[in-house]
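Secondary and tertiary structure notes
As a plain string of letters, each chain reads:
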Amino acid sequence: MVNAAISWSITNGVLTITGTGNMPDYTAGTNDFGIPYTSAPWYDRYSTTIQSVVIKDGVTGIGKNAFRSCSNLVSVIIPNSVTSIRTEAFRDCSSLKSITIPNSVTSIGNGAFRSCSSLASITIPNSVTSIGTYTFHSCSSLKSITIPNSVTSIGDYAFSSSSLTSITIPNRVTSIGKGVFSSSSLKSVTIPNSVTSIRERAFENCSSLTSVTIPNSVTSIGNMAFRGCTSLTSVTIGNSVKSIGSSAFLSTKVARITCNSLIPPSIVDDSNYASFSGNPICYIPCGTLDAYINSSWKSYCQQFIEQSSLYEIMVESNNNSSGVAKLVSRPDCTSAIITAIPNEGCTFVKWSDGNTQATRYLEVTGDITLTAVFAKKGYTIHIHQDCTSTIE
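Summarised in this report is the structure supplied together with it. If you're wondering where the values come from, they're calculated on a predicted model, not measured in any experiment. (Residues numbered from 1 in each chain as written. Predicted model: local features only at pLDDT ≥ 70, side-chain atom pairs only at ≥ 80, totals over all residues. Heavy atoms only, no water.)

Using the criterion set out here, one finds two disulfides in the structure. Linked covalently through their sulfurs, C282 and C301 form a disulfide whose S-S length is 1.9 Å. Because the sign of the S-S torsion sets the handedness, a value of about -75° for the bond joining C282 and C301 places this disulfide among the left-handed ones. Of this pair, C282 sits in strand β26 (residues 281-284) while C301 sits in the loop between α2 (289-293) and β27 (303-306); the two residues are 19 residues apart in sequence, bridging distant segments of the chain. Looking at C282, the relative accessible area reads 0%, which means it is buried. The exposure class assigned to C301 is buried, which follows from its relative accessible area of 9%. (Disulfide = S-S within 2.5 Å. Helix = DSSP H or I, 4+ residues; strand = E, 2+ residues; numbered from the N terminus. Buried < 20%, exposed > 50% of the residue type's maximum accessible area, 1.4 Å probe, protein only.)

The strand order β4-β8-β10-β12-β14-β15 describes an open sheet built from six strands, whose pairing is parallel. In this open sheet, the two strands that pair with only one neighbour each are β4 (21-22) and β15 (153-154). Taken together, the two bridges between strand β14 (residues 130-131) and β15 define a ladder with parallel strand orientation. When the sheet's bridge partners are listed, S130 is paired in β15 with S153. (Pairing = 2+ DSSP bridges.)

A few words now on the side chain of H137. Looking at where H137 falls in the secondary structure, it is placed in the loop between β14 and β15. Those residues within four positions of H137 in sequence are excluded, and the remaining contacts are R114, S115, Y157, A158, S160 and S161. (Contact = heavy atoms within 4.5 Å.)

The subject of this paragraph is the packing of aromatic side chains. If you walk through the whole model with that rule in mind, you get 17 aromatic pairs. Relative to F159, the ring of F136 lies with its centre 5.3 Å away and its plane at 10°, an arrangement referred to as stacked. Of this pair, F136 sits in the loop between β14 and β15 while F159 is found in the loop between β15 and β16 (166-168), placing the two residues 23 residues apart along the sequence. Accessibility classification places F136 together with F159 in one group, the buried group. Sitting above the plane of the Y134 ring, R114 keeps its charged end 4.5 Å from the centroid. (Phe/Tyr/Trp six-rings, centres within 6.5 Å; stacked < 30°, edge-to-face > 60°. Lys NZ or Arg CZ within 6 Å of the ring centre and 35° of its normal.)

Strands sit in the order β28-β33-β31 across an open sheet of three strands; the sheet is mixed. Only two strands of the sheet have a single neighbouring strand rather than two, namely β28 (313-317) and β31 (346-351). Averaged over all pairs of adjacent strands, the angle between strand axes in this sheet comes to 25°, irrespective of strand direction. Alignment of β28 against strand β33 (residues 368-376), held across five bridges, turns out to be parallel. (Axes fitted to C-alpha atoms, helices over the stretch in contact; angles between N-to-C directions.)

Attention shifts here to the pairing of strand β2 (residues 6-11). Note: β2 against strand β3 (residues 14-19), six bridges, orientation antiparallel. Paired with I10 across the strands is L15, a residue of β3. What sits between the antiparallel neighbours β2 and β3 is a turn of two residues, in which N12 has the positive phi angle 50°.

Turning to the pairing of strand β8 (residues 59-62), a few remarks are in order. Two elements, β4 and β8, share two bridges in a ladder whose sense is parallel. By the bridge assignment, N22 is partnered in β8 with G61. Here β8 runs beside strand β10 (residues 84-85); their pairing, made up of two bridges, is parallel. Within β10, the position partnered with G61 by the bridge is S84.

Moving on: the pattern of salt bridges. In total, this model carries nine salt bridges according to the counting rule given. One salt bridge connects R199 with D156, and the closest N-O pair in it is separated by 3.5 Å. Placement of R199 in the loop between β19 (197-198) and β20 (211-214) and of D156 in the loop between β15 and β16 is noted, with a sequence separation of 43 residues between them. Given a relative accessible area of 22%, D156 falls into the partly exposed group. (Salt bridge = Lys/Arg side-chain N within 4 Å of Asp/Glu carboxyl O.)

Here we come to the nonpolar core. One broad rule of soluble globular proteins: the nonpolar side chains tend to lie buried together. The biggest cluster of nonpolar side chains holds 90 residues, and the ones touching the most others in it are F67, F90, F113 and W297. Setting aside its immediate chain neighbours within four residues, F113 contacts I85, F90, L96, I99, I101, I108, L119, I122, T135, F136 and C139. Of all hydrophobic cores here, the second largest spans 13 residues; its members include I338, A340, A372 and F374. (Core = buried A, V, L, I, M, F, W, Y, C linked by side-chain atoms within 4.5 Å.)

Shown next, in the form of structure tokens:
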């Protein structure tokens, strides 16, 4: 059977697609009785009997709604000639358990695997640069997936209502879209420093998520971003966040917030919903107490605790058997007193920045690591004319 440059045939439940170029797009909907349909030529007669799809080399694109609602489809073979999987191509294929996408594919369209409720395994190659909206929405058996670093954009609700337990977002993604992981089973998430915004509802109702660290690159947290994360107890907010949206952390159990911003981020509230639940203890940068007390943060934090320094100061020894280096105290937000103590038979030589004072006062303008350099003592033997000797 022929459709333009694409032909198809079906034998014993195996649908074979041959030809060159893109498969056509097909329309889809539901009839007056609520029964789904598509205009794919194999749908009316074979949609419930197709168990396998074999796409032959030469086909370059899988069309919109091509295999939608083929409820008994279990396996798919996609050749290296295919570069795109279009909108809702496999939507509602409820028996599809696994699929391997070849490294020729660069884009996965909106809702391509939406509601594939048996899909437990999928391989996304490094050729893919974008994942569309709702692509894996309601894939209730999907517990893990690796998103390659080639991906630069992930569409809204792409993994919502899935069973993903952990995710590492690629370091080329700049925005976490609306509802991307909402109502999923996430227990942990790694957000890279490339991300500048977390949009509304991004992690809403991730009831197993216990903690989150928002990197210094992020400037805004959208409305309801973490609302309903009922296991969330600890949040670290990077130093570039300027605004936190309405209900961002509502209905959580956040007891501790570490906010590293020198200027308190604005908190957007409406008359009905607060941004935070409860009264967390808020850890803030050294020297910013007045600023936070005089901001909207005062309404949410039961207590402010200033961190001891604006900057991380690390001291170490070049050889622990020769001596130790210690941070003695931090008199204020930008200073420290450090000391180097040699072990017996050793001597302090210098710090890694060239300073030769064993105990010294530091003024710092950024994170710093200093190494104390120790050496074994040398001895000089002096032999005198009376045949006596002394050791120095």
